[in-house]
Amino acid sequence: ENVPNSLSDAYAVNTTRWLDKRTEATKHIGEEEDKRWPLLDALMQSGPGNANTAKKARHALRQIDRMLDVFEPGQLAFSFNGGKDSTVLMHLVKEACAQ
């Protein structure tokens, strides 16, 4: 393995490795469309009145899953303020991370 000569060389090596991993991850985005999320399964089984909510939750989980495929953990942030919207998003992110 090449040993960097300076801090800027070390940064370039790490950036290149990260970019290579990210490029590889983006090639596989959307391939696992048949993923199962227990939260989504429970929502779909709760009755026909929740069909629209389940559709929106499935879309959100897929989008979050794709973001987790592309970005490194240190590149993502979630701001939680305790409100309804951020509470729902927290549960969706937790569900996606569990897979």
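Here is what the cut-offs are and how they apply
Residues numbered from 1 in each chain as written. Predicted model: local features only at pLDDT ≥ 70, side-chain atom pairs only at ≥ 80, totals over all residues. Heavy atoms only, no water. Salt bridge = Lys/Arg side-chain N within 4 Å of Asp/Glu carboxyl O. Buried < 20%, exposed > 50% of the residue type's maximum accessible area, 1.4 Å probe, protein only. Patch = residues over 30% accessible without salt bridge, like charges linked within 9 Å, V, L, I, M, F, W, Y side chains within 5 Å. Areas by Shrake-Rupley, 256 points an atom, 1.4 Å probe, with all protein chains shown as cover. Helix = DSSP H or I, 4+ residues; strand = E, 2+ residues; numbered from the N terminus. Axes fitted to C-alpha atoms, helices over the stretch in contact; angles between N-to-C directions. Parallel < 35°, antiparallel > 145°, perpendicular 65-115°, else oblique. Left-handed = near helix turned anticlockwise from the far one by under 90°. Contact = heavy atoms within 4.5 Å.

Colleague: Looking at this structure, how should I read the pattern of salt bridges?
Modeller: Opposite charge on two side chains makes pairing possible when the charged atoms of those side chains draw close. The full count for this structure, using the stated rule, is one salt bridge. Among the ionic pairs, Asp41 bridges to Arg36, the shortest N-O distance being 3.1 Å. Residue class for Arg36 comes out exposed when judged on its relative accessible area of 57%.

Colleague: What's the story with a nonpolar patch on the surface in this structure? I'm lost.
Modeller: A surface patch of nonpolar side chains, about 330 Å² in accessible area, is lined by Phe78, Phe80, Leu89 and Met90. Mapped onto the elements, Phe78 comes out in the loop between helix H3 (51–70) and helix H4 (84–98).

Colleague: Where do I start with the packing of H3 against H4 in this structure?
Modeller: Working note: a packed helix pair is described by the angle between its axes plus the distance between those axes. As a packed pair, H3 and H4 sit with axes 9 Å apart at the nearest point and diverge in direction by 60°. Comparing the axis directions of H3 and H4 gives the class oblique. The crossing of H3 and H4 is right-handed. On H4, the residues that touch Ala57, Ala60, Leu61, Ile64, Asp65 and Leu68 of H3 are Leu89, Leu92, Val93, Glu95, Ala96 and Cys97.

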